[in-house]
Amino acid sequence: MAVLVTGAAGFIGSHVVAQLLQSGAQVRATVRNPKNAIFLNSLPVASGASLQIVTMDLLDFASVRSAVSDCKDVIHCAASLPVGANDAQKDIVDPSIEGTKNLVKALQQAGVVERIIHTSSVAAIRSSSQKNGTIFSIADWCDDATVKSNPYGLAKAGAEKVMRQWVESRGGDSKPRLITIHPSIVFGPILSARHKEGSMSYLQHFYSGPPFVLKININFVDVRDVAKAHVNALTNGRDGERYLLHKRGMWMHEIGAELCKLKPQRKWATRKMPSIIAYSMAVFHPKLSIKQLRGNLGVRIGYDVGNVEQELDFVFTDYQQTLVDSIDSLGQ
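Anyway, here's the lowdown on the structure attached to this text. Sequence order sets the numbering: in each chain, residues are counted from 1 along the sequence as written. A pLDDT threshold of at least 70 governs which residues receive local features in this predicted model, and a stricter bar of 80 or more applies before side-chain atom pairs are shown or counted, although totals over entire chains, interfaces and linings include all residues. Hydrogens are left out, water is left out, and the side-chain values use all remaining heavy atoms of the structure.

### Notes on the sheet that holds strand 12 (residues 248-251)
Backbone-to-backbone hydrogen bonds pair the strands of a sheet. The strands run either parallel or antiparallel. Short version of the rule: Two strands make a pair as long as DSSP finds a minimum of two bridges between them. Helix and strand assignments follow DSSP, with helices taken as H or I runs no shorter than four residues and strands as E runs no shorter than two, numbered in order from the N terminus. Lines fitted to C-alpha atoms define the axes, with helix axes restricted to the stretch in contact, and inter-axis angles between N-to-C directions lie between 0 and 180 degrees.
Ordered by their spatial adjacency, three strands build an open sheet running 8-10-12, and the pairing between neighbours is mixed. This sheet does not close on itself; its edge strands, each paired only once, are strand 8 (185-187) and strand 12. For this sheet, the mean inter-axis angle between neighbouring strands, taken without regard to orientation, is 45°.

Set out below in structure tokens:
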């Protein structure tokens, strides 16, 4: 029986597919555009494993129903990122929430799903009006998120609630096992050039950006650890639990200084941009806004991951290894 992986061409989804194939699993990988998933065919395949790539759009119920028809295990990684979104409701919130509604409707009609691993995010945990020094945990929700203030948090929390409410509505033997995974910003080796966008754009800045950095603190985790947690959660962990994945928090200039030590053959940006200049640039910069800077500039928060390593049976990758492997893959 195949393991269904939605969003299989994405950064996290592709690494989940890679680890499943290495473990000998049969994988049904869903993508909106098969051309973007060609690279999956180059992944190593262990004995007994197989890969089937199918076209699925979460907003097209017929395609969702066809994809999930006979899958007992579902790893739901598909989501829309806020990068380049023009309409937050249409481009970010609806694909996540309405798409998850279509997924649970299809799962209910199929009636065979036994285990669901749902990719959420710390965005579903962290409040929009965060205070400097706050430590968040799995007990928290971003209940103050709105389409204007925090569309990504609203989308991730909303999709998770849809999934949880549906699972709770199931009774007896028909109730599937559910675990949600909440990674912080995800770094690590990319498997496709498309993965340079999104979370990896922070590190791409050190390759192709200006020789200075904003005073922004980055909380990150290795994509390989996130994938391992997803795969292990099929059999490990507590039913119904939320698991927060986070390794380290570093200021952008600290990342630059670390790269100077780890990769001394070239110069890396370490100079901090004064806040007043950052706000001035935000007026004209297509990827910056004054609202973003107000919520992040000079603000440092943290996360309590609890016993996630023990419960999901993995060990976090050393943060220096994550940075080296990330940078090396971006330079290939």
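Still to come is the rest of the account.
### Let's talk about the packing of aromatic side chains
The cut-off we apply is this: Note on aromatic contacts: the rings of Phe and Tyr and the six-membered ring of Trp form a pair at centre separations within 6.5 Å, being stacked when their planes are under 30 degrees apart, edge-to-face when over 60 apart, and tilted otherwise. With a 1.4 Å probe rolled over the protein chains alone, any residue whose accessible area is under 20% of its type maximum counts as buried; one over 50% counts as exposed, and the rest are partly exposed. Put simply, a charge is over a ring when the Lys NZ or the Arg CZ is close to the ring centre, within 6 Å, and near the line of the ring normal, within 35 degrees.
Counted according to the given criterion, the structure contains four aromatic pairs. With a centroid separation of 6.2 Å and 35° between ring planes, the pair formed by Phe136 and Tyr303 is classed as tilted. Placement of Phe136 in strand 6 (residues 135-136) and of Tyr303 in strand 14 (residues 302-303) is noted, with a sequence separation of 167 residues between them. Phe136 sits in the buried class, given a relative accessible area of 5%. The class of Tyr303 is buried, set by a relative accessible area of 11%. Where Phe314 meets Phe316, the ring centres are 5.0 Å apart and the plane angle is 80°; that geometry is what we call edge-to-face. A relative accessible area of 8% places Phe314 in the buried class. For the cation-ring pair, Lys105 lies above Phe61, with the distance from its terminal atom to the ring centre recorded as 4.5 Å. Against the face of Tyr319 rests Arg248, its NZ or CZ located 3.9 Å from the ring centre.

### Some points on the nonpolar core
Our working definition: Joining through side-chain atoms within 4.5 Å is the link that ties buried Ala, Val, Leu, Ile, Met, Phe, Trp, Tyr and Cys residues into a set, and such a set is a nonpolar core. The criterion used for residue contact is that any of the two residues' heavy atoms lie within 4.5 Å.
Counting 62 residues, the largest nonpolar core has Val5 and Leu20 as its most contacted members. By residue number, the principal contributor to this core is helix 1 (residues 11-22), which donates seven residues. Excluding its chain neighbours within four sequence positions, the residues that come into contact with Leu20 are Val3, Val5, Ala25, Val27, Ile75, Val231 and Leu234.

### Things to note about the pairing of strand 11 (residues 242-245)
Each regular strand carries side chains that alternate between the two faces of the sheet. Burial along strand 11 is two-sided: the residues Arg242 and Leu244 and Tyr243 and Leu245 are all buried. Bridge count for strand 7 (residues 177-183) against strand 11 is four bridges, and the pairing is parallel. Considered in strand 11, the bridge of Thr180 is made with Arg242.

### Here's the deal with the sheet that holds strand 11
Taking strand neighbours across the sheet as the criterion, the seven strands line up as 3-2-1-4-5-7-11 in an open arrangement whose pairing is parallel. Two strands bound the open sheet, and with one partner strand each, they are strand 3 (50-55) and strand 11. Between one strand axis and the next, the sheet turns through 20° on average, direction left out of account. Each of strand 1 (3-6), strand 2 (26-31), strand 3, strand 4 (73-76), strand 5 (115-119) and strand 7 touches helix 1; the most contacted strand, strand 1, lies at about 160° to it.

### Notes on the side chain of Glu241
The test is simple: Think of a polar contact as two N or O atoms within 3.5 Å of one another; within protein, one of them needs to be a possible hydrogen donor and the other a possible acceptor, and neighboring residues in sequence only count if both atoms come from side chains.
Relative to the helices and strands, Glu241 is located in the loop between helix 6 (223-232) and strand 11. A distance of 2.7 Å separates a polar atom in the side chain of Glu241 from a polar atom in the side chain of Arg238.

### Observations concerning empty space enclosed by the protein
Here is the rule we go by: Both cavities and pockets are sets of points on a 1 Å grid over the protein atoms alone; in a cavity a 1.4 Å probe fits but cannot get out, in a pocket the set is open with protein on both sides within 12 Å along at least five of seven lines, and lining residues sit with an atom within 4 Å of a point. Grid points are joined across faces, edges and corners, and a volume is the space filled by probe spheres set on the points.
Taken as a whole, this structure holds one cavity of 30 Å³ or more when the rule is applied. As a volume, the largest cavity reaches approximately 40 Å³. Taken together, His76, Cys77, Ala78, Ala79, Ser96, Thr100, His118, Thr119, Lys156 and Ala159 form the lining of the largest cavity. For the lining of the largest cavity, the secondary-structure elements that each account for two or more residues are helix 3 (88-110), strand 5 and helix 4 (151-169).

### Some words on the pairing of strand 1
What counts, and what does not: With strands facing away from the observer, any crossover in which the path from the first strand over the helix to the second runs clockwise is taken as right-handed.
Side-chain alternation along strand 1 places Val3 and Val5 on one buried face and Leu4 and Thr6 on a second face that is also buried. By the bridge criterion, three bridges tie strand 1 to strand 2 in an arrangement that is parallel. Its bridge partner being in strand 2, Leu4 is matched across the sheet by Arg28. This β-α-β element, strand 1 to helix 1 to strand 2, shows right-handed connectivity. As paired elements, strand 1 and strand 4 share four bridges and run parallel to each other. By the bridge assignment for strand 4, Leu4 is matched with Val74.

### Structural notes on unusual backbone geometry
Look at Asp313: it is not a glycine, yet its phi comes out positive at around 60°. Relative to the helices and strands, Asp313 is located in the loop between helix 10 (308-312) and helix 11 (319-330).

### Observations concerning the packing of helix 5 (residues 201-208) against helix 11
Our working rule: An angle below 35 degrees is read as roughly parallel, one above 145 as roughly antiparallel, one from 65 to 115 as roughly perpendicular, and any other as oblique. Throughout, a crossing is termed right-handed when the near helix is turned clockwise from the far one, and left-handed when it is turned anticlockwise from it by less than a right angle. By the convention adopted, Pro, Cys, Tyr, Trp, Phe, Met, Ile, Leu, Val and Ala count as nonpolar, Lys, Arg, Asp and Glu as charged, and the other residues, Gly among them, as polar.
Taken N-terminus to C-terminus, the directions of helix 5 and helix 11 make an angle of 60°; their axes are 10 Å apart at the nearest point. Considering their axes alone, helix 5 and helix 11 lie oblique with respect to each other. The handedness of the crossing between helix 5 and helix 11 comes out as right-handed. When helix 5 is examined against helix 11, the residues Leu203, Gln204 and Tyr207 are found in contact with a partner set consisting of Leu323, Ser326, Ile327 and Leu330. Each residue belonging to the contact of helix 5 with helix 11 can be placed in one class, and the counts come to five nonpolar, two polar and no charged.

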